[in-house]
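Residues per chain are reported as follows:
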Amino acid sequence: MHEFVAAIDQGTTSTRCILFDRAGRIISQAWREHQQIFPRAGWVEHDPLEIWERTEQAVEQALAQASISPEQIAAVGVANQRETTLAWDRDTGKPYYNALVWRDRRTDPICQELAVRGGQDRFRTRVGLPLASSFSGPKLKWLLDNVPGLRQAANAGTAIFGTMDTWLIWNLTGGVSRGAHVTDVTNASRTMLMDLRALDWDEEILEIFGIPRPMLPLIVPSSDPNTWGTTLRNGPFAGMIPVCGALGDQQAALLGQACFNPGEARAAYGAACSLLLHTGGDPVPSGGGLLTTVGYRLGHADPVYALEGAVPIAGALVQWLRDNLGLIASAAEVEALADTVADNGGVYFVPAFSGLHAPYLQPDARGVIVGLTRYANRGHLARAALEATAYQTRELLAAMLEDAGITLTALKVDGGMVHNDLLMQFQADLLGVPVIRPRVAETTALGAAYAAGLAVGFWQDLNELRQNWREDKRWIPQMDADRRHRLYAGWKKAVTRTFDWVERP
């Protein structure tokens, strides 16, 4: 009898396997780290074979520690670091080169060259993305242009491309013998190569990038009743289990947080803060530099679209207080220090360390601390650092809501910083809506499990998933509107002090 669904969460630094029961509860989990490779400044790579080996180990450990047999698992889903790009030989399974990680910057010159005609937003109306080095399309072009023999192999149909979902699914379903070469719509939407409305590879963009279409995977739904294949009896699952769910990590968390209606939003608070807003059945163009992306597609239903934005410096600012200033000995101390004062004492901290991102798009900005007086102390600095994340989150959500023309009713949150009560309460106060933390923290893996489980009928529909979602804690707004307005106006004023700091020749 099928009692569980398995999710593989393949992230930037590690891979984990988590087994969920029908109520969405974690039954077992295992984790394996992989190395980060830095060949030169700005270059970041992963070894795809190492990642597959770590995946096998995580799966085997998760099954063993719970004494679960393959017959008890209904399906397998995959969530993955997005945009990380690789090419491999379909006949041998051997990568032609290490995977280029999403944070790798070697394709900056390619993006600059492509922007000469049409600017940075040259393809945005079709793909929802600006020309930027993080996305897969420029990375694949670099591989084709620089790896000896790869272009010839691609033209011959031997070399194939994928992001990490594609690589894992191909290996899980048999690899060189019968591996499925697919990618789901959410991952495809982060390549800069897929038309958001057609949900297919854009022929004109492929030609401009010089990418042979035969090397690209088939684009499939995130939850696909047409199972892509099954695991192998001699593979890590030791049995034939349908593989039929996949999403990029942020979109997986949107599904795992049960954000099923337009206007529902999810934010992940870690070193950075990533936000996704469900915008409905049509892609919404952004006037504020946000990304338009596919949220998910379940079976043959119409796709769900989302707007995405990021706060680059969130928890990383707390680390900066610890490592650069020595203000605290550990990140966990920041809340207690911030709680020694009643408010920020007029101090604002804008962490524009590498410029201001959406909605400002000011690369020449730099970080500032403003409003200092003799009254300000360590507590005010700690509080201002925490509040900076909440202010930046409000700015992104405001831009999203304006683009989409919808109203936010609540913000569902996950990530390490959501256990900071002071920050979460201030976030609720600043937004004027409840901030809600779920009981199951592993929302990315849960979303991948939901996608696979829906495909095989383990869960019947979204209503069943809504019933599974359980609230752990809720922060209700307590700040009056006048004070909220004054504080936010002070933040906006502080932001202007960062503009044009770097003078260009």
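Look up a bit, the structure's there.
About the thresholds
Residues numbered from 1 in each chain as written. Predicted model: local features only at pLDDT ≥ 70, side-chain atom pairs only at ≥ 80, totals over all residues. Heavy atoms only, no water. Helix = DSSP H or I, 4+ residues; strand = E, 2+ residues; numbered from the N terminus. Rg over C-alpha atoms; globule rule 2.2 N^0.38 Å. Buried < 20%, exposed > 50% of the residue type's maximum accessible area, 1.4 Å probe, protein only. Contact = heavy atoms within 4.5 Å. Areas by Shrake-Rupley, 256 points an atom, 1.4 Å probe, with all protein chains shown as cover. Disulfide = S-S within 2.5 Å. Pairing = 2+ DSSP bridges. Axes fitted to C-alpha atoms, helices over the stretch in contact; angles between N-to-C directions. Core = buried A, V, L, I, M, F, W, Y, C linked by side-chain atoms within 4.5 Å. Phe/Tyr/Trp six-rings, centres within 6.5 Å; stacked < 30°, edge-to-face > 60°. Lys NZ or Arg CZ within 6 Å of the ring centre and 35° of its normal. Salt bridge = Lys/Arg side-chain N within 4 Å of Asp/Glu carboxyl O.

Regarding its fold elements, the protein presents 16 helices and 23 strands. Here the protein has a C-alpha radius of gyration of 23 Å; the compact-globule value for 505 residues is 23 Å, and the two agree. Over its C-alpha atoms, taken along the principal directions, the protein stretches across nearly 70 × 55 × 45 Å. Expressed as a percentage of the 505 residues in the protein, the buried residues total 60%. Residue pairs in contact within the protein that sit at least 24 positions apart in sequence constitute 71% of those at least 6 positions apart. A total accessible area of about 19,800 Å² is found for the protein, and carbon and sulfur atoms account for 49% of it.

This model, assessed by the stated rule, comprises zero disulfides. For Cys244, which is in no disulfide, the shortest distance to another cysteine sulfur is to Cys17 and amounts to 14 Å. A relative accessible area of 0% means that Cys244 is categorised as buried. Cysteine Cys273 shares no disulfide, and the gap to the nearest cysteine sulfur, in Cys259, comes to 13 Å. On the accessibility criterion, Cys273 (1% relative accessible area) is buried.

A word on the environment of Asn324. The topology assignment puts Asn324 in the loop between α10 (315-323) and α11 (334-338). Note: C-alpha distance between Asn324 and Arg122 (202 residues apart in sequence) is 39 Å.

Here we take up the sheet that holds strand β2 (residues 14-20). Within a sheet, each strand pairs with its neighbour through backbone hydrogen bonds, oriented either parallel or antiparallel. Pairing is mixed in the open sheet, where six strands are placed in the order β3-β2-β1-β5-β14-β13. Sheet topology places β3 (26-33) and β13 (229-230) at the edges, where each strand pairs with a single neighbour. In the sheet, β13 pairs with strand β14 (residues 242-248) via two bridges, with the strands oriented antiparallel. The partner of Gly229 across the bridge, within β14, is Val243. Docked against the sheet, helix α9 (residues 249-256) engages β5 (73-80) and β14, running at close to 105° with respect to β14.

Turning our eyes to something else, we now look at the nonpolar core. If you look at the biggest cluster of nonpolar residues, it comprises 62 residues, and the most contacted ones within it are Tyr269, Leu275, Tyr391, Leu397, Leu411, Met424 and Trp491. For this core, the element with the most residues is helix α12 (residues 378-404), which contributes twelve residues. If near-sequence neighbours (up to four positions away) are discounted, Leu397 is found in contact with Ala265, Leu275, Leu408, Leu411 and Leu431. Of all hydrophobic cores here, the second largest spans 40 residues; its members include Cys111, Trp142, Val185 and Leu291.

Scanning all chains against the criterion turns up 15 aromatic pairs. Here Phe349 and Phe353 contribute two aromatic rings whose centre-to-centre distance is 6.5 Å and whose plane-to-plane angle is 70°, an arrangement assigned as edge-to-face. For Phe349, a relative accessible area of 2% puts it in the buried group. Every member of this aromatic cluster is reached through a ring pair, and the members are Tyr348, Tyr391, Phe426 and Trp491. Note that Arg22 overlies the ring of Phe458, its terminal NZ or CZ placed 4.0 Å from the centroid. We note Lys412 situated over the ring of Trp469; from NZ or CZ to the ring centre the distance is 4.4 Å.

Opposite charge on two side chains allows them to pair when their charged atoms are near. Within this structure, the stated rule accounts for 25 salt bridges. With a closest N to O distance of 2.9 Å, Glu308 and Arg190 form a salt bridge. Of this pair, Glu308 sits in strand β18 (residues 304-311) while Arg190 sits in the loop between α7 (185-188) and β10 (194-195), and the two are 118 residues apart along the sequence. Using a relative accessible area of 5% as the deciding quantity, one classes Glu308 as buried. On the basis of relative accessible area, Arg190 is assigned to the buried category, the value being 3%. Note that Arg437 is salt-bridged to Asp472, the shortest N-O span being 2.8 Å. Taken together, the residues Arg437 in strand β22 (residues 435-438) and Asp472 in strand β23 (residues 471-475) connect sequence positions 35 residues apart. What makes Arg437 buried here is its relative accessible area of 11%.

To continue, consider the sheet that holds strand β21 (residues 411-414). Read from one edge of the open sheet, seven strands run β17-β18-β16-β15-β21-β22-β23, paired in mixed fashion. Each edge of the sheet is formed by a strand with only one pairing partner; in this case those strands are β17 (291-296) and β23. Put simply, the sheet's adjacent strands are angled 30° from each other on average, direction ignored. Pairing between β21 and β22: two bridges, direction parallel. Bridge pairing in β22 places Lys412 opposite Ile436. The strands that α12 touches are β15 (265-269), β16 (273-280), β18 and β21; relative to β18, the one it contacts most, it runs at about 150°.

So far we have only geometry, and geometry alone does not tell us how the molecule works.
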